Each structure stands twice: as C-alpha cells, then as structure tokens.
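Notes for the structure review
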Amino acid sequence: MSRERNGTPEGCALVTGGSRGIGAAVARGLAEDGWTVAINYRSDSDGAAAVAKEIADAGGTATLVEGDVRDADALNEAFTSLESEHGPVLILVNNAGIRDDGLSPQLGDDAWERVVDTNLSAAFRMTRRALRPMLRARYGRIVNVASIVGPRANAGQANYAASKAGLIGMTRTVAVEVARRNVTVNAVAPGLVETKFTEDLNGDSLGEIPARRAGTPEEVAACIRFLASPEASYVTGTTLTVDGGLSA
Amino acid sequence: MTTKAETGNVEKVIFEGLEEVGAEPNDISREAEFEALDVDSLDLVELAQIVEDEFGVRLEGDDLKGLTTVGQVIDLVVKKAE
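Cut-offs and rules
Position numbers for residues start from 1 in each chain and track the written sequence from start to end. Chain labels run from A onward and ligand labels from 1 onward, assigned in the order the entries are written. With the structure being a predicted model, the display of local features is reserved for residues of pLDDT at least 70 and the display and counting of side-chain atom pairs for 80 or more, all residues being used for whole-chain, interface and lining totals. To obtain the side-chain values, all non-hydrogen atoms of the structure were used and water was disregarded. Classification of residues uses two cut-offs on accessible area relative to the type maximum, computed with a 1.4 Å probe and protein chains only: under 20% is buried, over 50% is exposed, and between them is partly exposed. Here a strand is any run of E in DSSP of at least two residues, a helix any run of H or I of at least four, and the numbering for each starts at the N terminus. Note on handedness: a clockwise path from strand one over the helix to strand two, with the strands aimed away from the viewer, defines a right-handed crossover. By this definition, two strands are paired if DSSP reports at least two bridges between them. By nonpolar core we mean a set of buried residues, namely Ala, Val, Leu, Ile, Met, Phe, Trp, Tyr and Cys, connected to one another through side-chain atoms within 4.5 Å. Any pair of residues with heavy atoms lying within 4.5 Å of one another is described as a contacting pair.

Some points on the pairing of strand β6 (residues 183-190) of chain A
All names here are of chain A. Counting buried residues in β6 gives eight out of eight residues, a clear majority hidden from the surface. Because side chains alternate across β6, one face comprises the buried residues V183, V185, A187 and A189, and the other comprises T184, N186, V188 and P190, equally buried. At this point the chain moves from strand β5 (residues 140-145), through helix α5 (residues 158-178), to the parallel β6, and the crossover so formed is right-handed. Where β6 meets strand β7 (residues 239-242), four bridges bridge the pair, whose relative direction is parallel. Looking at the pairing, A189 lines up with T241 of β7.

A look at the nonpolar core
Residues and elements named next belong to chain A. Membership of the largest hydrophobic core comes to 32 residues, with the highest contact counts inside it found for L30, V37, V188 and I224. When contributions to this core are tallied by element, the ones reaching two or more residues are β1 (12-15), α1 (21-32), β2 (36-41), α2 (45-57), β4 (89-94), β5 and α6 (217-227). Considering every element that reaches this core, the biggest residue donor is α1, with seven residues. Among all residues touching I224, those that are not within four sequence positions of it are I22, V26, V93, V143, V145 and V188. The next biggest cluster of nonpolar side chains, apart from the first, holds 28 residues, and it includes C12, A78, L82 and V174.

Printed below as a string of structure tokens:
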C-alpha cells in the first residue's frame, strides 16, 4: 500500500531515463511515495519492465513510456496520453543523460550535439511541456539531474560539462519564473555514482573523494525524492550537490 | 473532448480564467486591459492553458504579443478555432 501523497493534487510523475541507475531508483522511490510513475526509457525495455514490475509487486503503479527524449513529437504524445490516463504530470525528473567523451581538440560536432541535445535541450523541451499543466494545477516539482561536472572541470567532458552547467542555469531561471504558482524547479548534482553509466570511470578517482567511495543511485534518489516532495515547497532554483564531499 | 469556441462561451471561459489567476471579478470586461487587471505574462500563460484545455486552441508565445485587452484575446481564440 502506498503512502498518502500529503494532499497533493491528482496527477502522476514522469522519470526520463528510468530503466536503470539513478532514474530507476527515483522511479521506485516516487512510487513508494504514492505516485503513479511513468518510466521513460530509450532502448533498455527489459530494464524498464523490471523496474515497473518491482513497483507493481510493492503495491505501486507504474507505466512505461518508450522514446528518445530528443524526439519532441513522441514525448509530446506521451505527455498527452499520460494526462488523459493519469492526470497532469506533476513531478518531472529530467534524468536521461548520455556521455560521449573526448579531449576538446578531438571532440566532434556529432558528439557535442548529441550530448547537449539529450542532456540539455531535451530537458528544456520536457520542462516546457510539463509547465503549463503544473501552473494550472498550482502544483509541480521539476528536478533536473545535473552533475558536479559542469560547475567543476573534468578533462574529456567539455560537451557533458556544458550540458550540465546549462541545466543548472536553466533550473535557476525557470524556477524564478514559476515560483509563485507553487511549482518548484531544482537540480541535483551527483558526483561519482556506481551505475552502468560510470562503470568505466571507477577506480583511480576514489581517493580524491572525502567519503572514499562512490555514491549509490539510492543516495541520489533520496535527494531527488525530497526535492519532489510536498515538504520541499520552499526550496526552488537550487542545486543539491550529492558527491561524498568531493566539491566541498 | 473540447468545447466549440464561440464568442459567448470563449468570453465566459476567459472571464472565469482571469478570476482564477487573480483578477478582480468586478473589473473584468472585454474592454479591460491586462495591465489594469494586474494580469502579467505568467498569468497569460496560464490563461492560454485554460483556453487550450477547454477549446483545444493552442496559443503560442507570439500569439499573445501585442494584445492588451481581454476582448482582443477572446477574438483571437474564436478566430484560431475557425
């Protein structure tokens, strides 16, 4: 049985890139909080189905939304169908993200565009699509999954850093625009987190982290869950760093 | 499941929408200017969503630019619905 949603209006939550890692942990957490969760995924249908099954087995409700976040038309249709079945999307977690690393002199236009389109431009389009119904509902929570790379340097990730720094800037400005309608927009900035996304990075950088370990998807999801909760109503435009002290 | 947009019901929906975004009911009329009603750009975005939900007419950012009175918006919605 899911928890009460604390008087929030009828609606649902949408997590992009929800088939694994941080996105999957967020989807599970929001379902525990009583939300019907739409899990967006691009290619990992098995992963997404497994997350949905876990949620259903725990007594929650999940639905799958296949599609590349860069495909604006498909996502627009997905929103419309979610709205008719589950009510407005009142929680949007822009989590889908990719990397395509290379030192700047060798970083091609394609790698630049793909990363910026997916991590930043798609998040903006999702945000724009979600906002009007949220404004009307007088309730909304948008959480953007940024990174400590952006505010901090990481050689080989100029495209990724630009996209994540952009996401943080977008978060601040959109937050200010809609704050008086009880719609909050925040970001989390994870450091090194143990997921498939970072499996090729682990190892030598652990020594630099004050916590002396990588974070878990659940530790990041807990922060997103808080920012998405009714209790976080006076937190907006901020970026919560979740990095074991790395950028302290 | 949207309603057909005709001047009478568009006016009704927009008047109610203006109340919803905080305009003083007694000040709302076709001639009223948004500025005098204290209706700002975010309120207009919300009004656009109300119109879309009700009539299926989508107002984009540029559509509302330069419109200053309630009547102008009502006429635009009716025109776009044709």
